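Structure at a glance
Spelled out, the chains give:
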Amino acid sequence: MNDGRVQESFLPAPGPRPAKRLRKGPRVAVIVTAVVVCLAILGALAGILYWYFTDSSNAKSAELQSEKTVRIYSGHFSLSNIPYTSKYEDPESAEFKQLAEKLEKVIDSSCKTAPDLSSYFQRSRVFDYSEGRNFMAYYFAQFEIPPEDKDALSKFTDDALTGTLRESIGNTRRSFGLEGITVNSVSSSLANPDLVMTPEESK
């Protein structure tokens, strides 16, 4: 029977809620895939570098190229019977190129027939003109000597090319298109390769 008393009852306190699990599956897969791809790329690069530096032909070619000794002759032609104009100050003008081509043929012919030097000749270039008492044309000629021919370096003296240049001008002026042009003098001397800047390098 209920005698009018209030009967109290207590509910148990709620426990901590279980933490929700984060779904990490896709993120972990992406990270693993990226790591595998990076390792594969690094492995491929390591293989290429190993092949390049251990292959005897590649190593030998790189070594020989780096050990070549460069010798450069620089000098000028003193010319007359050529009226100097501003067109000779523009390397892209037809006048500049036409005269340079004629003079480079003279230089190339001389370098290819110069005793003891011819087999090492690489190229020549007429790179500038100036106006003065005479018309001046400036040039350089480049030679490369491999390490196995280092004894030939003693042949590259200041006057080794001058005599051949003078002979070429005297004997073959007409064949190089220099008829009507007077070559008063020509000079050549060894230059420091580190101080010679080609037109391509100056751009």
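Structure: see above.
Let me begin by describing the structure that accompanies this report. Predicted model, so just to flag it, every value in this text is computed and none were measured.

**A few points about the overall build of the chain**
Counting secondary structure elements, the chain contains four helices and five strands. Listing the helices and strands of the chain from first to last along the sequence gives α-α-β-α-β-β-α-β-β. Buried residues in the chain amount to 27% of all 203 residues. Contacts in the chain between residues at least 24 apart in sequence constitute 70% of all its contacts with a sequence separation of at least 6.

**Remarks on the packing of aromatic side chains**
Applying the stated criterion across every chain, the model contains 13 aromatic pairs. Their ring planes at 85 degrees and their centres at 5.0 Å tell us that Tyr88 and Phe135 sit as a pair that is edge-to-face. In this pair, Tyr88 is assigned in the loop between strand E1 (69-80) and helix H3 (94-113) and Phe135 in strand E3 (residues 135-145), connecting sequence segments 47 residues apart. Ring centres of Tyr120 and Phe156 lie 6.2 Å apart, and the angle between their planes is 50 degrees; this geometry places the pair in the tilted category. Within this pair, whereas Tyr120 is found in the loop between H3 and strand E2 (121-131), its partner Phe156 is found in the loop between E3 and helix H4 (162-172), the two being separated by 36 residues in sequence. In this pair, the class of Tyr120 matches that of Phe156, namely buried. These aromatic residues form a ring-pair network of at least three members: Tyr73, Tyr120, Phe121, Phe143 and Phe156.

**As for H3**
Counted at 1.5 Å a residue, the expected span for H3 with its 20 residues is 28 Å, and the 29 Å between its end C-alpha atoms agrees. Those residues of H3 that sit buried are Phe96, Leu99, Ala100, Leu103, Glu104, Val106, Ile107, Ser110 and Cys111. Burial along H3 is one-sided: seen end-on, the buried residues are contained in an arc of 160 degrees. Turned more than 90 degrees from where H3 packs its buried face, Lys112 and Thr113 sit exposed.

**With respect to the pairing of E2**
Summarising the sheet, E2 and E3 pair through nine bridges and their orientation is antiparallel. When the sheet's bridge partners are listed, Glu131 is paired in E3 with Phe135. Connecting E2 to the antiparallel partner E3 that follows it, the hairpin turn spans three residues.

**Topic: the nonpolar core**
Counting 34 residues, the largest nonpolar core has Phe77, Leu79, Leu99, Tyr129 and Phe143 as its most contacted members. Contributing elements (two or more residues each) for this core: E1, H3, E2, E3, H4 and strand E4 (182-186). Looking at this core element by element, the count peaks at seven residues for H3. In this view, Tyr129 contacts Tyr84, Tyr88, Phe96, Leu99, Ala100, Phe135, Met136, Ala137 and Tyr138; residues no more than four positions away in its chain are not counted.

The rules behind these values
- Residues numbered from 1 in each chain as written.
- Predicted model: local features only at pLDDT ≥ 70, side-chain atom pairs only at ≥ 80, totals over all residues.
- Heavy atoms only, no water.
- Helix = DSSP H or I, 4+ residues; strand = E, 2+ residues; numbered from the N terminus.
- Buried < 20%, exposed > 50% of the residue type's maximum accessible area, 1.4 Å probe, protein only.
- Contact = heavy atoms within 4.5 Å.
- Phe/Tyr/Trp six-rings, centres within 6.5 Å; stacked < 30°, edge-to-face > 60°.
- Expected span 1.5 Å × (residues − 1).
- Arc of directions from axis to C-beta.
- Pairing = 2+ DSSP bridges.
- Core = buried A, V, L, I, M, F, W, Y, C linked by side-chain atoms within 4.5 Å.

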